[in-house]
Amino acid sequence: MAKKTANMQPTNPHKNRHFDTETTCSNCHNVHEKSQNYCEGCHARFNFVVP
């Protein structure tokens, strides 16, 4: 997934300085609840659309 989103701006959420490529998918993506932008808790400028 990190390769598919390599050009994502302002940063690649699937390869980042905190977790590299070991970010758990369920930090952002949920099955039975609305998905959320996990990065936004600390980085308000990272306005990612999370499917």
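Let me sum up the structure you'll find in this document.

### Some thoughts on the overall build of the protein
In terms of regular secondary structure, the protein is built from zero helices and zero strands. Taken over the C-alpha trace, the protein has a radius of gyration of 11 Å; the compact-globule value for 51 residues is 10 Å, and the two agree within 12%. In terms of overall dimensions, the protein has a C-alpha envelope of 30 × 20 × 15 Å along the principal axes. Across the 51 residues that make up the protein, the buried fraction comes to 22%.

### Quick look at the side chain of asparagine 37
When its relative accessible area of 12% is taken as the criterion, asparagine 37 is described as buried. A polar contact of 3.2 Å, which involves the side chain of asparagine 37, links it to the backbone nitrogen of cysteine 39. There is a polar contact of 2.4 Å between the side chain of asparagine 37 and the backbone oxygen of phenylalanine 46. Among all residues touching asparagine 37, those that are not within four sequence positions of it are Phe46, Asn47, Phe48 and Val50.

### Digging into the packing of aromatic side chains
Summed over the entire model, instances satisfying the criterion amount to two aromatic pairs. Aromatic pair phenylalanine 19 and tyrosine 38: ring centres 6.4 Å apart, planes at 50°, arrangement tilted. With a relative accessible area of 34%, phenylalanine 19 lands in the partly exposed category. For tyrosine 38, a relative accessible area of 42% puts it in the partly exposed group. For the ring pair phenylalanine 46 and phenylalanine 48, a centre distance of 5.8 Å and an interplane angle of 50° mean the geometry is tilted. Each member of the pair, phenylalanine 46 together with phenylalanine 48, is buried.

### A closer look at unusual backbone geometry
Cis geometry is adopted by the peptide bond preceding proline 10, which originates at glutamine 9 and carries an omega value of 10°. In this structure, aspartate 20 takes a positive phi of about 55° despite not being glycine.

### Remarks on the state of the cysteines
Throughout this description, disulfide means a covalent bond between two cysteine sulfur atoms. On inspection of all chains with the given rule, the structure shows zero disulfides. Note on cysteine 28: no disulfide assigned, nearest cysteine sulfur contributed by cysteine 39 at a separation of 5.6 Å. No disulfide involves cysteine 42; its sulfur sits 8.8 Å from the nearest other cysteine sulfur, which is in cysteine 39.

Thresholds applied
- Every chain is numbered independently, its residues counted from 1 as its sequence is written.
- Confidence filtering applies because this is a predicted model: local features only for residues at pLDDT of at least 70, side-chain atom pairs given and counted only at 80 or more, and all residues used for totals across whole chains, interfaces and linings.
- For the side-chain quantities, the full set of heavy atoms in the structure was used; hydrogens and water were omitted.
- Secondary structure is summarised from DSSP: a helix means a run of H or I of at least four residues, a strand means a run of E of at least two, and numbering begins at the N terminus for each.
- Computation of the radius of gyration draws on C-alpha atoms alone. For the globule rule, the value is 2.2 Å times the number of residues to the power 0.38.
- For every residue, the accessible area obtained with a 1.4 Å probe (protein chains only) is divided by the maximum for its type, and the residue is called buried under 20%, exposed over 50%, and partly exposed between those limits.
- As used in this structure description, the phrase polar contact means that two N or O atoms lie within 3.5 Å; if the pair is within protein, one of them must be able to donate a hydrogen and the other to accept it, and residues adjacent in sequence are counted only when both atoms belong to side chains.
- Whether two residues touch is decided by their heavy atoms; if any such pair falls within 4.5 Å, the residues are in contact.
- Here a Phe, Tyr or Trp ring, Trp counted by its six-membered ring, pairs with any other such ring whose centre lies within 6.5 Å, and the pair is stacked when the planes are under 30 degrees apart, edge-to-face when over 60, and tilted otherwise.
- Disulfide assignment relies on a single distance test, namely cysteine sulfur atoms paired within 2.5 Å.

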